[in-house]
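Observations on chain architecture
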Amino acid sequence: MAADKAYSSKANRAYLRRRRITAVIPEKTDQQANRKNKGSAGGRPVSFDPTLYKRRNTVERCFQKIKTWRGLGTRYDKSPHSYEAGLRLRAAVMWLRTLTSTT
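Residues numbered from 1 in each chain as written. Predicted model: local features only at pLDDT ≥ 70, side-chain atom pairs only at ≥ 80, totals over all residues. Heavy atoms only, no water.

Section: the side chain of Arg90
The cut-off we apply is this: The helix and strand labels rest on DSSP assignments: H or I over at least four residues marks a helix, E over at least two residues marks a strand, and numbering proceeds from the N terminus. Working rule for contacts: check all heavy atoms of both residues, and any pair within 4.5 Å makes them a contact.
Topologically, Arg90 is positioned in helix H5 (residues 80-99). If near-sequence neighbours (up to four positions away) are discounted, Arg90 is found in contact with Lys65, Ile66, Thr68, Trp69, Leu72 and Arg97.

With respect to the domain arrangement of the protein chain
Where interface size is quoted, it is often the accessible area lost as the parts come together. Stated precisely, the cut-off is as follows: Segmentation of the chain into domains, including their bounds, is taken from an automatic or database domain assignment.
Partitioning the protein chain into structural domains gives domain 1 (1-55) and domain 2 (69-102). For domain 1 versus domain 2, the separation of C-alpha centres amounts to 34 Å.

Regarding the environment of Arg75
Mapped onto the elements of the fold, Arg75 is located in the loop between helix H4 (70-73) and H5. Setting aside chain neighbours within four positions, we find Arg75 in contact with Arg70 and Tyr83.

Focus on the confidence of the model for the protein chain
This is how the line gets drawn: Per residue, pLDDT captures the predictor's confidence, and it can take any value from 0 to 100.
Counting all residues, the mean pLDDT for the protein chain is 82, and 96% of those residues have values of 70 or more. Averaged pLDDT values for the elements of the protein chain fall to 77 in H4 and rise to 88 in H5.

Remarks on the environment of Ala6
Heads up, the rule is: Only protein chains enter the area calculation, which uses a 1.4 Å probe; residues under 20% of their type maximum are buried, those over 50% are exposed, and those in between are partly exposed.
For Ala6, the location among the structural elements is in the segment before helix H1 (10-18). Residue Ala6 is classed as exposed on the basis of its relative accessible area, which comes to 55%.

Structural notes on a positive patch on the surface
Rules: Here a patch means residues that are over 30% exposed by relative accessible area and free of salt bridges, tied together within 9 Å if like-charged and within 5 Å if nonpolar (Val, Leu, Ile, Met, Phe, Trp, Tyr). Computed by Shrake-Rupley with a 1.4 Å probe, the accessible areas treat only the displayed protein chains as cover when residues are assessed. The term salt bridge refers to a pairing of a side-chain nitrogen on Lys or Arg with a carboxyl oxygen on Asp or Glu at a separation within 4 Å. In this tally Asp and Glu are treated as negative and Lys and Arg as positive; neither His nor the chain ends contributes. Positions of charges follow a simple convention, taking NZ of Lys, CZ of Arg, CG of Asp or CD of Glu.
The grouping of Lys10, Arg17, Arg18, Lys38 and Arg44 at the surface amounts to a positive patch. With respect to the helices and strands, the residue Arg44 is situated in the loop between helix H2 (29-37) and helix H3 (50-67).

Overview of the packing of H3 against H5
Test applied: The axes used here are C-alpha line fits, helices contributing only the stretch in contact, and every angle between their N-to-C directions lies in the interval 0 to 180 degrees. Here the word oblique covers every angle except those under 35 degrees (roughly parallel), over 145 (roughly antiparallel) and from 65 to 115 (roughly perpendicular). Less than a right angle of anticlockwise turn of the near helix away from the far helix marks a crossing as left-handed, whereas a clockwise turn marks it as right-handed. Any residue outside Ala, Val, Leu, Ile, Met, Phe, Trp, Tyr, Cys, Pro, Asp, Glu, Lys and Arg is labelled polar, Gly included; the first ten of those are nonpolar and the last four are charged.
Remark: H3 packs on H5, axes separated minimally by 10 Å, with the N-to-C direction vectors making an angle of 115 degrees. When the axis of H3 is compared with that of H5, the two are roughly perpendicular. The chirality of how H3 crosses H5 is right-handed. Of the residues in H5, those touching H3 at Cys62, Lys65 and Ile66 are Leu87, Arg90 and Met94. A breakdown of the residues in the contact of H3 with H5 according to their chemical character gives four nonpolar, no polar and two charged.

Focus on the environment of Ile25
One can find Ile25 in the loop between H1 and H2. The class for Ile25 is buried, based on a relative accessible area of 0%. Sequence separation between Ile25 and Pro50 is 25 residues; the distance between their C-alpha atoms is 9.2 Å. Beyond its immediate chain neighbours, meaning those up to four positions away, Ile25 contacts Met1, Ala3, Asp4, Tyr7, Ser8, Arg13, Leu16, Val46 and Phe48.

A closer look at unusual backbone geometry
Phi is positive for Arg20, close to 60 degrees, though the residue is something other than glycine. With respect to the helices and strands, Arg20 occurs in the loop between H1 and H2. According to the relative accessible area criterion, Arg20 is exposed, its value standing at 78%.

Put into structure tokens, the structure is as follows:
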């Protein structure tokens, strides 16, 4: 699971570990400082793969493109069927734009 620093709490990491999910979450600087201040009792530094974390950006940008449609971003469509139809329509438009030339 790739997440930003807001989800780097000890509880979140423990939850993911219990479920055997690899966490790709950078550690906050204050958490690093607290761990270092505790010395050997602070534990090991968290594992972090910057390459995998960079891939998270691609997914985030895709969600932002989907949310640019107001009906999807604000969830005006309360019915799951109409929301899914809007989502599929937005995905089709995004795909069609990749096929056309921008020059």
